[in-house]
Amino acid sequence: MKIDAQLRVIVLLVCGIILCDGCSSGPDDVPETGTVTGTVTLDGSPLAEALVIFQPESGRSSSATTDSTGKYELDYTSTLKGAKLGKHTVSITTFKAPEGNLETKEAQKDVPKEKVPAQYNKDTTLTADVKAGENTIDFDLQSK
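The numbering scheme is per chain: residues are counted from 1 as the chain's sequence reads. Per-residue local features are limited, in this predicted model, to residues with pLDDT of at least 70; the limit for side-chain atom pairs, both in listing and counting, is 80 or more; totals at the level of whole chains, interfaces and linings are taken over all residues. Only hydrogens and water are set aside when side-chain values are computed; all heavy atoms of the structure are taken into account.

**Q** Outline the overall build of the protein chain, supporting the account with residue identities and numerical values.
**A** A helix here means a DSSP run of H or I that spans at least four residues, while a strand means a run of E at least two residues long, and both kinds are numbered starting from the N terminus. Helix and strand counts for the protein chain stand at two helices and ten strands. Counting from the amino terminus, the protein chain carries its helices and strands in the arrangement α-β-β-β-β-β-β-β-α-β-β-β. Per-residue accessibility, obtained with a 1.4 Å probe over protein chains only, is compared with the maximum for each type, and a residue is labelled buried under 20%, exposed over 50%, and partly exposed between these values. Counting every position in the protein chain, which comprises 144 residues, the buried fraction comes to 38%. Two residues qualify as a contact provided that any one of their heavy atoms is within 4.5 Å of a heavy atom in the partner residue. Long-range pairs, those at least 24 residues apart, make up 65% of the contacts in the protein chain between residues at least 6 apart in sequence. Note that accessible areas follow from Shrake-Rupley with a 1.4 Å probe, and for residues the cover is restricted to the protein chains shown. For the protein chain, the computed accessible surface area is about 8600 Å², with 52% contributed by carbon and sulfur atoms.

**Q** Please set out the pattern of salt bridges residue by residue, giving values where relevant.
**A** Definition used for salt bridges: Asp or Glu carboxyl oxygen within 4 Å of a side-chain nitrogen of Lys or Arg. Summed over all chains, the structure comprises two salt bridges. A salt bridge links lysine 81 to aspartate 75; the nearest nitrogen and oxygen atoms lie 2.8 Å apart. Residue lysine 81 is classed as partly exposed on the basis of its relative accessible area, which comes to 39%. Here lysine 131 ties to aspartate 129 by a salt bridge, and the two come within 2.9 Å at their closest N and O atoms.

**Q** Could you give an account of the packing of aromatic side chains, with specific residues and numbers?
**A** The pairing test for Phe, Tyr and Trp rings, Trp by its six-membered ring, is centres within 6.5 Å, and the orientation test on the planes gives stacked under 30 degrees, edge-to-face over 60, and tilted for anything in between. Throughout the structure, instances matching the rule amount to three aromatic pairs. Both rings, one in phenylalanine 54 and one in tyrosine 72, keep their centres 6.4 Å apart while their planes meet at 40°; by these two values the pair is tilted. With phenylalanine 54 in strand E3 (residues 51–56) and tyrosine 72 in strand E5 (residues 71–73), this residue pair connects regions lying 18 residues apart in the sequence. Both residues of the pair, phenylalanine 54 and tyrosine 72, count as buried. Pairing tyrosine 72 with phenylalanine 139 gives two aromatic rings, centres 6.5 Å apart and planes at 35°, and the pair type is tilted. Here tyrosine 72 is found in strand E5, whereas its partner phenylalanine 139 is found in strand E10 (residues 139–141), with 67 residues between them in sequence. Phenylalanine 139 shares its class with tyrosine 72; the two are buried. An aromatic cluster is present here, built from Phe54, Tyr72 and Phe139 joined pairwise through their rings.

**Q** Any details on the side chain of threonine 93? Residues and values, ideally.
**A** Structurally, threonine 93 is set in strand E7 (residues 86–93). Here the side chain of threonine 93 touches glutamate 114 through a polar contact of 2.3 Å, side chain to side chain. Think of a polar contact as two N or O atoms within 3.5 Å of one another; within protein, one of them needs to be a possible hydrogen donor and the other a possible acceptor, and neighboring residues in sequence only count if both atoms come from side chains.

**Q** I'd like a rundown of unusual backbone geometry, residues and numbers included.
**A** Positioned with a positive phi, aspartate 43 is a non-glycine residue whose angle comes to about 55°. In this fold, aspartate 43 is placed in the loop between strand E1 (33–42) and strand E2 (45–46). Overall, aspartate 43 belongs to the partly exposed group, its relative accessible area being 42%.

Note that all results are geometric; they support no functional claim without further evidence.
Rendered as structure tokens:
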């Protein structure tokens, strides 16, 4: 079922973020990071409430949620902004796991649809290179 596949992807992404957030045992474990901000648009319009995830080749991911104007600022941990230096695979999604029981067709009808094409999330083709200092990385997504 399509909803089940989307739900699995989101649950795995969120679990990965949560698990990685608890991996650090102290300041010695924190790699060099760069701050990352930017804007996400879809077909030229700001994409609000989108989850942006930067996953480095190894190590902890960084994430942010876009505001009403499509702007985001990555968090590496709850107290450290940015992302690990180097190449990242980037995923952007608007799918939010619904609460409650989805066993009826009526309940499934109320599940919000993903606005972002799969090429930007579960089958992402997006990448970014984070450098030391300040990074501005914008994403202009196309629905077609």
